[in-house]
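Understanding the architecture of this molecule
Each chain, letter by letter, is given below.
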Amino acid sequence: MTPSARLAAAIDLLSEMEVTPRRPADAVANAFFRERRYIGGGDRRAVSERVWAVLRHWRHIGWWLEQAGAPATPRTRLIAAMQLIPRPGEAPGALFSGDRYGPAPLTSAEQDLAARLRGQALADPAMPQAVRLEVPDWLLPRLAETFGSALEAEVSALAGEATLDLRVNLLKTTRGEAARLLAEEGIHAEETDLSPWGLRVPGRQPITATAAFKAGLVEIQDEGSQIVVAAADARPGMRVLDYCAGAAGKTLGMAMTMQNRGHIVACDVSEPRLEGAVRRLRRAGVHNAERHLLVPGDRWARRRAGSFDRVLVDAPCTGTGTWRRNPDARLRLTERDLEELTAKQAEILSMAATLVRPGGRLIYATCSVLREENQERIASFLAASPQFRRAGPEPDCGLPADLMQDGMIAVSPLRHGTDGFFAAVLERVD
């Protein structure tokens, strides 16, 4: 594709996203490219990079368009991005070429917009703080409550580029051997600082095409998610429940720490997500796991009350800790979403607690940085559940001794180089 054709595709993709604003951008993009198989891999990356640059700076761009009195459309957002986040040798007038596969030439109003924004800095001192930090106005006080004086630095880190982390599958190899095999395929990986099984790969690398991935030696998993697995401390011979398993990423990790001995159940309310776990479990060589679909009126949980050594609740949440990967999530999140999610978290946590045996542990985790979903959720649960207390980390779980404070872990891109994750380890004492 020519540069103009790539720009036209970016306009079309942004238009698709605006039509379905509640749908995640990556899902819209996947469907967009599936329907246009003529767009090759390099072109897909170029189009996606341009669109994701707009998503990452959505409020900055919107503010500048408002200052210029211009409507916010896919075309004007891209014109603004080309001026505010310039690329060498690139000018809107040239790419809006009117060629057969390119976008129509700039109108006089669009030419005026480009001229007005030329040479302007993306950030302006007059911008409100929420615009500068690319967060919804209503959410800013809650983020300030979480981060305090580090607000600007922490939220700016959440807007950065995500790392590419791998979890080495100790059922099949060692961390050193996995790194060596990846290096043979031209992928250099460094050991992570916090996860005892993690590798970090620079840039965007074709991990799924490697022999190491296909053989189940490594899985793509953020180091923060690996920390949650380590905090769960599932051991050989235990009965373990992954209550909100999704596609079973943490199930795979816990099966590994159990050395494939004992029994682990992956539950979820989504059949497609559980079906997607089958191939991953098989590739990883996991054979001590089963899947269970949770449906309304299901008596499965009631019949297994008090029978699990470990119950992991990877709760549905706002995903504020994953904004590096999903910058569009900031645009979709509403105050009502948060209210509904916190109510659901309380309900799930209460149900999952009934499944923990006396002496067993309940691990609550989110990929959120908000206190309402994390520390306050745990405080409310403990106030209503005297049979549970916070538990410290096991000395040999593999995590740094100072990472967990008062039974809780909170990591962030700024302080730990991970996504934003929270985990609380609670022990049933009766």
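Worth saying up front: this structure is predicted, and the values here are computed from it rather than measured. (Residues numbered from 1 in each chain as written. Predicted model: local features only at pLDDT ≥ 70, side-chain atom pairs only at ≥ 80, totals over all residues. Heavy atoms only, no water.)

As recorded in UniProt, the sites labelled "binding site: S-adenosyl-L-methionine" (unreviewed entry) are Asp268, Asp298 and Asp314. Within the fold, aspartate 298 resides in the loop between strand 7 (289–293) and helix 16 (300–303). Those residues in contact with aspartate 298, other than ones at most four positions away along the chain, are His292 and Leu293. Within the local environment of aspartate 298, its side chain forms a polar contact with the side chain of histidine 292, the two groups lying 2.7 Å apart. Leave out the neighbours within four places in its chain, and aspartate 314 touches Cys244, Lys250 and Ala365. (UniProt positions renumbered as here; feature names shortened; annotations may be inferred. Helix = DSSP H or I, 4+ residues; strand = E, 2+ residues; numbered from the N terminus. Contact = heavy atoms within 4.5 Å. Polar contact = N/O pair within 3.5 Å; in protein donor to acceptor, adjacent residues only side chain to side chain.)

Assignment of secondary structure puts arginine 283 in helix 15 (residues 271–284). Only 2.7 Å separates the side chain of arginine 283 from the side chain of glutamate 219, close enough to count as a polar contact. In this view, arginine 283 contacts Lys172, Phe213, Lys214, Ala215, Gly216 and Glu219; residues no more than four positions away in its chain are not counted.

Our focus in this paragraph is the pairing of strand 3 (residues 198–201). As defined by bridge partners, strand 1 (residues 164–168) adjoins strand 3 across four bridges and the pair is classed as antiparallel. From the neighbouring strand, arginine 167 faces strand 3, where its bridge partner is glycine 198. Of the pairings in the sheet, the one linking strand 2 (residues 190–191) to strand 3 comprises two bridges and is antiparallel in character. Bridged to glutamate 190 within strand 3 is arginine 200. Remark: six residues form the turn of the hairpin made by strand 2 and strand 3, two consecutive strands paired antiparallel. (Pairing = 2+ DSSP bridges.)

For the rest of this paragraph, the subject is the UniProt feature "active site" (unreviewed entry) in the protein chain. UniProt feature "active site" (unreviewed entry): in the numbering of this structure it lies at Cys367. As for its position among the elements, cysteine 367 is in the loop between strand 9 (356–366) and helix 19 (375–384). Excluding residues that lie within four positions of it along the chain, cysteine 367 makes contacts with Cys317, Gly319, Thr320, Gly321, Thr322, Gly420 and Phe421.

Any two side chains of opposite charge can pair, on the condition that their charged atoms come close. Under the defined criterion, the tally for this structure stands at 34 salt bridges. Among the ionic contacts, a cluster of salt bridges with common partners joins Asp222, Arg324, Arg325 and Asp419. (Salt bridge = Lys/Arg side-chain N within 4 Å of Asp/Glu carboxyl O.)

What follows concerns the sheet that holds strand 4 (residues 218–220). Here we have four strands laid out as an open sheet, ordered 2-3-1-4, and antiparallel in their pairing. Two strands bound the open sheet, and with one partner strand each, they are strand 2 and strand 4. On the sheet, helix 11 (residues 175–184) packs against strand 1, strand 2, strand 3 and strand 4 and is oriented at approximately 25 degrees with respect to strand 3. On the sheet, helix 14 (residues 249–257) packs against strand 1 and strand 4 and is oriented at approximately 35 degrees with respect to strand 1. (Axes fitted to C-alpha atoms, helices over the stretch in contact; angles between N-to-C directions.)

The next subject is the nonpolar core. Where a protein is soluble and globular, its nonpolar side chains tend to be buried together. Leu13, Leu14, Met17, Val51 and Leu55 are the most contacted members of the largest nonpolar core, which has 39 residues in total. For this core, the elements supplying multiple residues, two or more each, are helix 1 (3–19), helix 2 (25–34), helix 3 (41–56), helix 4 (58–68), helix 5 (74–84) and helix 7 (108–117). If you tally residues by element for this core, the top one is helix 1, at seven residues. Sequence-distant contacts of leucine 13, that is, excluding residues within four places in its chain, are made with Val28, Ala29, Phe32, Phe33, Val47 and Val51. Core analysis: the next-biggest nonpolar cluster, separate from the first, contains 30 residues, Met238, Ala365, Cys367 and Leu399 among them. (Core = buried A, V, L, I, M, F, W, Y, C linked by side-chain atoms within 4.5 Å. Buried < 20%, exposed > 50% of the residue type's maximum accessible area, 1.4 Å probe, protein only.)

Moving on: a positive patch on the surface. Together, Arg23, Arg34, Arg37, Arg44 and Arg45 line one region of the surface with positive charge. Tracing the sequence through the fold places arginine 44 in helix 3. Arginine 44 sits in the partly exposed class, given a relative accessible area of 34%. (Patch = residues over 30% accessible without salt bridge, like charges linked within 9 Å, V, L, I, M, F, W, Y side chains within 5 Å. Areas by Shrake-Rupley, 256 points an atom, 1.4 Å probe, with all protein chains shown as cover. Lys, Arg positive; Asp, Glu negative; His and termini not counted. Charge placed at Lys NZ, Arg CZ, Asp CG, Glu CD.)

Position of serine 368 relative to the elements: it lies in the loop between strand 9 and helix 19. Overall, serine 368 belongs to the buried group, its relative accessible area being 2%. Those residues in contact with serine 368 that sit more than four places away from it in its chain are Cys317, Thr318, Thr320, Gly321, Glu373, Asn374, Gly420, Phe421 and Phe422. Here threonine 320 takes part through its side chain, which lies 3.1 Å from a polar atom of the side chain of serine 368.

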